[in-house]
Structure formats: C-alpha cells, structure tokens
Amino acid sequence: MSASTERWLTFEGLDNVRDIGGLPLRDGRTTRSGMLLRSASLHYCTPADVGHLVDVVGLKLVLDLRTPREIEEDGPTAVARAGVETVAFNFLPEQGRTLPETDDDTDPLVRNYLGYLSDRGENVVSAVRLLAAPDAGPALVHCAAGKDRTGVLVALVLDAIGVERDAVVADYALSAEQVEALFRRWTTASGEPMPADISRHFPRADAMATVLARLDADFGTNGAGGAAGWLNANGLDDESLKRLGTRLTAD
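Because the structure is predicted, anything quoted here is derived from the model rather than measured.

*Asks:* Kindly report on the packing of aromatic side chains, identifying the contributing residues and their values.
*Replies:* Throughout the structure, instances matching the rule amount to four aromatic pairs. Seen from their ring centres, Tyr113 and Tyr116 are 5.7 Å apart, and the 40° between their planes marks the pair as tilted. Residue Tyr113 and its partner Tyr116 are both found in helix 5 (residues 108-119); the two are separated by three residues, about one turn of the helix. Look at Tyr113 and you get buried, because its relative accessible area is 0%. On the basis of relative accessible area, Tyr116 is assigned to the buried category, the value being 6%. Their ring planes at 65° and their centres at 5.2 Å tell us that Phe183 and Trp186 sit as a pair that is edge-to-face.

This is the structure we're talking about:
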C-alpha cells in the first residue's frame with residue numbers, strides 16, 4: 001500500500017477526504033490524527049457517513065468555505081442537521097475582486113490563491129481562529145471539491161504549525177487523485193456527460209509552492225514559514241497560533 005493510499009478516508013457519499021494526521025514537522029514531531037479532516041462538499045453525505053463523522057470521529061466543527069450562493073443552492077447539510085456546528089467563511093469576493101500585486105505573467109492558479117488572502121483575509125484568519133479556539137474539538141474543512149479553497153486554508157495551517165514544506169505541498173497536491181471521482185459524482189447526479197479533459201482542474205504542486213514562497217518572502221522570519229507571519233500580520237495572536245500547534249501536533 002502506497003503512502004498516498006493510506007491517507008484517504010473512505011465514505012459512501014463524501015469525496016476527497018483525508019486526515020491531516022501523520023505529517024512530519026520540522027522539529028521531528030508529526031501532526032496529530034483525528035483533529036482535522038479535509039474534504040469535498042458534504043452535500044452527498046449518507047446517514048452512515050454522518051453517523052461515522054459524529055459517533056466515530058467525534059466531529060464538533062465544520063468550516064464551510066463555499067460561497068453563499070453555493071450554500072443556498074445545496075441547502076443545509078446532513079451534518080449540520082445532526083447538530084454539528086457549521087460555520088461558513090466565503091473566500092471569494094461578492095463582487096469583483098482585488099487582485100494582489102503580482103507580475104502580469106503570474107500563474108492564474110497562484111493569482112487566485114493569493115486573491116483569497118487579499119480579498120478575504122479576515123475570513124481566512126477567522127477560520128483559523130476557530131480551529132485554534134481553546135474548546136475546539138475535531139473539525140472538518142471543506143469547500144466544493146476540497147482542493148482549492150480548502151487546499152489553501154489547510155496549507156496555511158500546516159505551514160503555520162511547522163509542517164515540513166514538502167509535506168505541506170504534497171498534501172495539497174494529493175487532491176489531484178480524486179478529481180476524476182468528483183466529476184463522476186457530479187455528472188452522475190446532474191445527468192451531464194463527463195468532460196473530455198479535466199486536467200485543468202488538477203491542483204499543481206508548483207502553484208502551492210509558489211504561494212508559500214511568496215509568503216516566506218513577505219512574512220517569513222527566523223527561518224519559519226511565512227504562513228504564521230501572514231496570520232499574525234492579519235490579526236491572529238501568538239497565543240492562538242501556539243494553541244493551534246498544540247492541538248494539531250502529537251507529543
């Protein structure tokens with residue numbers, strides 16, 4: 001069994017699901033299992049999926065990174081109806097967007113990801129603050145596909161708590177293995193044919209590496225990754241960052 005195969009969690013109606021546990025930190029420790037999951041939309045969750053999340057995982061918090069329109073179209077999730085606290089944080093602007101200062105030839109994916117931070121920095125920080133709350137329990141982060149908005153938030157969290165950079169990027173890129181399954185579920189539900197080419201929807205490791213390198217250049221200090229510096233600069237206090245690291249790292 002490959003290392004990537006071991007990362008996946010299997011559910012009936014929930015795609016692109018994995019636990020961030022077991023990732024290597026720069027200080028030799030690893031991330032703690034059972035505290036933070038990431039996934040695609042919860043729209044297709046079955047009763048068995050909900051039961052596993054609530055009764056086995058002990059899920060206490062869901063961070064929904066979809067837009068208000070996406071949420072309205074799908075309605076409340078079965079997980080929310082089961083009583084799990086669900087908080088929405090839109091990472092996209094309501095109208096237009098304020099693009100970050102980048103070169104004209106910047107990779108569009110990089111530009112979008114940096115745009116989350118410039119357009120909705122307050123929402124990004126608020127989402128991390130909830131994950132770092134003193135009473136926070138097991139949490140799940142999702143958007144529609146669980147690869148872009150979710151990918152950026154999880155990468156920031158992992159980098160901020162000291163996960164090795166290669167592991168941060170690899171966790172982000174792993175979602176590429178699930179893109180075909182996502183499209184098959186969506187097209188089956190809608191009755192539409194599978195697109196001929198879905199490769200443009202794959203997350204690319206080089207894009208996330210570029211985003212994190214940009215944060216290093218602008219916010220990194222004392223050899224630490226730039227995500228912690230960006231979070232500090234945008235309102236997350238040191239105590240919250242410390243709690244986040246304590247919650248998500250194994251002794």
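More follows now that the structure is in view.
*Asks:* Any details on the pattern of salt bridges? Residues and values, ideally.
*Replies:* A full pass over the atoms with the stated rule returns 17 salt bridges. Ionic pairing is found between Arg165 and Asp216, a salt bridge with its closest N-O pair at 2.9 Å. Remark: Asp216 occurs in helix 10 (residues 205-219) and Arg165 occurs in helix 8 (residues 165-173); sequence separation between them is 51 residues. The partly exposed category is assigned to Arg165, whose relative accessible area is 24%. Looking at Asp216, the relative accessible area reads 28%, which means it is partly exposed. The network of salt bridges with shared partners includes Arg7, Arg18, Arg38 and Asp171.

*Asks:* Got a sec to walk through the confidence of the model for the chain? Specific residues and values, please.
*Replies:* Overall, the predicted model of the chain reaches an average pLDDT of 91, with 92% of residues at or above 70. Between residues 1-5, whose pLDDT stays under 50, and residues either more than four places distant or in other chains, the model counts three contacts. A low-confidence stretch, residues 96-102 (pLDDT under 50), is modelled with 18 contacts involving residues beyond four sequence positions or located in other chains.

Definitions and limits used
In this convention, every chain numbers its residues from 1, walking through the sequence in written order. Residues qualify for local features only when their pLDDT is at least 70, as the model is predicted, and side-chain atom pairs are given and counted only at 80 or more; totals for whole chains, interfaces and linings, by contrast, use all residues. Calculation of side-chain values draws on the structure's entire complement of heavy atoms; hydrogens and water are dropped beforehand. Each Phe, Tyr or Trp ring, with Trp reduced to its six-membered ring, pairs with another whose centre is within 6.5 Å; inter-plane angles below 30 degrees give stacked pairs, above 60 give edge-to-face pairs, and intermediate values give tilted ones. Strands are runs of DSSP state E lasting at least two residues, helices are runs of H or I lasting at least four, and both sets are numbered from the N terminus onward. Remark: exposure states derive from per-residue accessible area (1.4 Å probe, protein chains only) relative to the maximum for the residue type, with buried under 20%, exposed over 50%, and partly exposed in between. Within this document, salt bridges are pairs made up of a side-chain nitrogen of Lys or Arg and a carboxyl oxygen of Asp or Glu, the two lying within 4 Å of each other. Scored from 0 to 100, pLDDT reflects the predictor's confidence in each residue. Throughout, a residue-residue contact means that at least one pair of heavy atoms, one from each residue, lies within 4.5 Å.

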